[in-house]
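Residue-level structure breakdown
Next come the chains, spelled out residue by residue.
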Amino acid sequence: MLRDITIGQYYPSGSVLHRLDPRVKLFWTLLYIVSMFVFNTFLGYVVAGVTLIVLIKISRVPFKFMVKGLKAVWMLLIFTLVLNLFMTSGEVIWQWKFLKLTREGIRTAVFMGLRLFFLIIGSSLMTLTTTPNQLTDGLETGLRGLKKIKVPVHELAMMMSIALRFIPILLEETDKIMKAQAARGADFDEGKFKDRVKALVPIFVPLFVSAFRRANDLAMAMEARCYRGDVNRTRMNPLKYKQIDRIAYLLQFVYLAVLICADKLLAPLLTKVLPML
Amino acid sequence: MLYLDKVSYTYSPGTAMAMPALHEVSLEIPDGQFIGIIGHTGSGKSTLIQHLNGLVKPTGGVIYYNGRDIWDEDFSRKELRTKVGLVFQYPEHQLFETTVVKDVEFGPRNMKLENLEVQLRTFEALKTVGISDELYDASPFDLSGGQKRRVAIAGVLAMKPEVLVLDEPTAGLDPAGRDEILEAIFRIKRERNITVILVSHSMEDVARFVDRIIVMEHGSVKYDGSPKEVFRNYKELEEIGLAAPDVTYLTAMLRERGVGLPDVATTVEEAADMIERYCKH
């Protein structure tokens, strides 16, 4: 049941995307997210969508697997859609009491929904193709410059990698505790709301106890090895850009250029021909 | 009686992480037997036992409890779980209540039993596992490792299961704690005469108590028989990373050197008996 959460999960399929330098992927994601707010025309969505589809194909992560991860944000998506559908003013095409459906509303709702969808799929594409360790490595190296202004980059990256590392462990632990309590006759999906909340106590108490125990053990192990982190620490696999990473960087700017061209130059031309877009 | 018919299980089927854990396992578990399951880490032991009370749905094959398919639509798996009690590895990690008694009561209360019956079963179970009454109102988190584990076992026992499955009940305990647990399990078996399935790494523990041993290897059953039948294959067992009890090696070595023992032994008592009889001869 809990294995269905795919956000932040790694999917090993050994594609080109998996082999890219994490810094490239981080930058790609950042650029992609920013680009979401640049365009506003139909053509822009086509460019962003096609790029995403191509990237998904390259990554060889099954699309079904990604959409499973959307479950968690399903509510947000629907909420955004409904809000945009009925709250945008403009040309009314359907009305029921206070609910007004406008042409502009439909347009914004569809585009907003798509935008969110792209955002989520785009960023989960990064986490699906990058191991948490690579990700924090990339962050740490990418943000190295901030050390000069006394930002504890290494410590933050370490905290992040520990937190990320513990997500699957705690999920597994939760799964195990749920099974153990189910074996004692606990019921999690039946009964009234009050009963269901109560049913969580036998899960959360052992989960918290185990989380603290693990945190303690880890702290002890780090202390015992005189963990000092940052200073004078060398890496076994230092991050190095390869040819493929340079190409990937180049492609990002190509994407941005195409997007802006399509959105700002091509779209106005098209609108003249097909005014409904 | 439990009956498994060609049960297979694959984790995350259809994705890149798909991992077969069980492959067409067929077993018959009659009432009242004391069974030991041994196998290397990752041989599918833990996955197998989670099938027995319907916590995991097999991806292939059928499991029958008293002749009924446990994944039938009108079969109550919640009830099955009270009949097939499963004690997980490190069961003390599932304790959550404020007192020992309340924690043990959790199972019977979920069965919606009468108050009196709940209390009766709780005290009975705690007595069987050897928890003295001054600990009844203590916090389960204040107990020693072995005590915690016995309380957790009592929590399952209080549901009065007909089959009790224990996954590595002695893992991570000191010798004293280990003996206490094993004694408790033996007492349960003797007092209630239920089916007990013991998953273990310790060949000595298994050989001492059980009537039948099931050896798991790569998700299938490699050997299934009495301790003597299974441990006679000590050389093959070694190849899959397992070992027979020390006395089996001793008696096998004696036989090789020409000491005329009738067979290899699996327990110290048995070996002593054999050697004594040989010497008198």
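The following refers to the structure shown. Everything numeric here is computed off the predicted structure, so don't read it as measured data. (Residues numbered from 1 in each chain as written. Chains lettered and ligands numbered in written order. Predicted model: local features only at pLDDT ≥ 70, side-chain atom pairs only at ≥ 80, totals over all residues. Heavy atoms only, no water.)

Structural notes on the interface of chain B and chain A
On the chain A side, the residues contacting the 23 residues of chain B number 21 residues. Carbon and sulfur atoms make up 63% of the area that chain B and chain A hide from each other, which totals about 2100 Å². Per-residue buried area on chain B facing chain A is highest for B:H93, B:Q94 and B:F96; these three make up 26% of the total on that side. At the surface where chain B touches chain A, the tally comes to two salt bridges. (Contact = heavy atoms within 4.5 Å. Buried area = accessible area lost by both parts, 1.4 Å probe. Salt bridge = Lys/Arg side-chain N within 4 Å of Asp/Glu carboxyl O.)

Some remarks on the sheet that holds strand β9 (residues 212-217) of chain B
Residues and elements named next belong to chain B. Read from one edge to the other, the open sheet built from six strands follows the order β6-β7-β8-β3-β9-β10, with strand pairing classed as mixed. Edge strands, defined here as strands with exactly one partner in the open sheet, are β6 (84-87) and β10 (220-225). If you compare each strand with its neighbour and ignore which way they point, the axes differ by 15 degrees on average. Relative to strand β7 (residues 163-167), β6 is paired through four bridges, and the arrangement is parallel. Bridge assignment links V87 to a residue of β7, and that residue is L166. Running over the sheet, helix α1 (residues 45-52) touches β3 (34-39), β6, β7, β8 (195-199) and β9 and is turned about 145 degrees from β3. (Pairing = 2+ DSSP bridges. Helix = DSSP H or I, 4+ residues; strand = E, 2+ residues; numbered from the N terminus. Axes fitted to C-alpha atoms, helices over the stretch in contact; angles between N-to-C directions.)

Thoughts on the pattern of salt bridges
Residues and elements named next belong to chain B. Applying the stated criterion across every chain, the model contains 19 salt bridges over all chains. Across the salt bridge formed by R109 and E105, the nearest N and O atoms sit 3.3 Å from each other. With R109 and E105 both in helix α3 (residues 100-110) and four residues apart, the pair spans about one turn of that helix. Between E276 and K280 there is a salt bridge whose closest N-O contact spans 3.5 Å. Remark: K280 and E276 occur in helix α11 (residues 268-280); sequence separation between them is four residues, near one turn of the helix. A residue is classified by how much of its surface remains accessible, and E276, at 42% relative accessible area, is partly exposed. With a relative accessible area of 68%, K280 lands in the exposed category. (Buried < 20%, exposed > 50% of the residue type's maximum accessible area, 1.4 Å probe, protein only.)

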